[in-house]
Amino acid sequence: MDHLYEKTLHSETIYEGRIIDLRVEDVELPNGKQSKRELIDHPGAVAVIAETPDHKILAVRQYRKALDKAIVEIPAGKLEPGEKPEVTAVRELEEETGYTCDSLEKVISFYTSPGFANELVHLYVAKGLEKKGEQSADEDEFLDVLHLTIEEMEKMVENQEIHDAKTAYALMYLQMKLK
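Please read these numbers as outputs of a predicted model, since none were measured by experiment.

Caption draft 1: Region of interest: the overall build of the chain. Along the backbone of the chain there are 3 helices and 12 strands. When its C-alpha atoms are laid out on the principal axes, the chain stretches across 60 × 40 × 30 Å. Each of the 179 residues in the chain was classed as buried or not, and the buried ones make up 37%. Counted over contacts in the chain with a minimum sequence separation of 6, partners at least 24 positions apart contribute 55%. Accessible surface, the chain as shown: approximately 10,900 Å² in total, 51% of it carbon and sulfur.

Caption draft 2: Structural view of the pattern of salt bridges. Using the criterion set out here, one finds 16 salt bridges in the structure. In this structure, Arg-37 engages Glu-6 in a salt bridge whose closest nitrogen and oxygen atoms are separated by 2.8 Å. Taken together, the positions of Arg-37 in strand β3 (residues 34–41) and Glu-6 in the segment before β1 (7–16) put the pair 31 residues apart, joining distant regions of the chain. Residue Arg-37 is classed as partly exposed on the basis of its relative accessible area, which comes to 27%.

Caption draft 3: Quick peek at the environment of Arg-61. Tracing the backbone through its elements, the reader meets Arg-61 in strand β5 (residues 57–64). Residue classification places Arg-61 among the partly exposed positions, given a relative accessible area of 28%. Each C-alpha atom of the pair Arg-61 and Ile-71 lies 5.5 Å from the other, and the pair is 10 residues apart in sequence. Non-local contacts of Arg-61, meaning those with residues more than four positions away in its chain, are made with Ala-70, Ile-71, Val-72, Phe-142, Leu-143, Asp-144, Leu-146, Met-156 and Glu-161.

Caption draft 4: Expanded view of the sheet that holds β3. Spatial strand order, β1-β2-β3: 3 strands in an open sheet with antiparallel pairing. Lying at the two open borders of the sheet, with one neighbouring strand each, are β1 and β3. Each adjacent strand pair in this sheet contributes to an overall mean axis angle of 20°, direction not counted. As defined by bridge partners, β1 adjoins strand β2 (residues 21–28) across 8 bridges and the pair is classed as antiparallel. The residue of β2 that forms the bridge with His-10 is Asp-26.

Caption draft 5: Representation of the sheet that holds strand β6 (residues 69–73) in the model. Pairing is antiparallel across the open sheet formed by 3 strands, whose spatial order is β6-β5-β12. Two strands bound the open sheet, and with one partner strand each, they are β6 and β12 (143–148). Strand-to-strand twist across the sheet, computed as the mean angle between neighbouring axes with direction ignored, equals 25°. Across 5 bridges, the pairing between β5 and β6 is antiparallel.

Reading guide: rules and limits
- Residues numbered from 1 in each chain as written.
- Predicted model: local features only at pLDDT ≥ 70, side-chain atom pairs only at ≥ 80, totals over all residues.
- Heavy atoms only, no water.
- Helix = DSSP H or I, 4+ residues; strand = E, 2+ residues; numbered from the N terminus.
- Buried < 20%, exposed > 50% of the residue type's maximum accessible area, 1.4 Å probe, protein only.
- Contact = heavy atoms within 4.5 Å.
- Areas by Shrake-Rupley, 256 points an atom, 1.4 Å probe, with all protein chains shown as cover.
- Salt bridge = Lys/Arg side-chain N within 4 Å of Asp/Glu carboxyl O.
- Pairing = 2+ DSSP bridges.
- Axes fitted to C-alpha atoms, helices over the stretch in contact; angles between N-to-C directions.

Rendered as structure tokens:
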């Protein structure tokens, strides 16, 4: 793999935000030429596959400004500094849906956009769900909670209501488990 390595010659952070940082790097390519890389640093995130006692999958409908539309997603959120992913998963599930869980099982971790971002999403299955109250989303979050069958989720993929990688990945995982 060393023959694919890009050596960093210079790195400059040009933006530090609440969710991401943006940096530009000058790199030396494996062939000795130079190039620039625009890179996003992200603290990481979790996503939760949560099946209710009546065998529905919890999802949320949320407006996403980057897409300029509302889409349906499984509950998810970014890691806080020093927070373990499983703690984030439990917190986000309860904040976004009002449900708690007895246990979590890690499915996998995956990168969302490795061409320009280091965001790593940890996917969990929440088991033993119990409705504890109403959602308590962040003050700038507005969500509709949905209870969906796998068939409904598949239709939403076709209609591009489910239009994000983490939820599509979760659906694929659920479909594989049914085989």
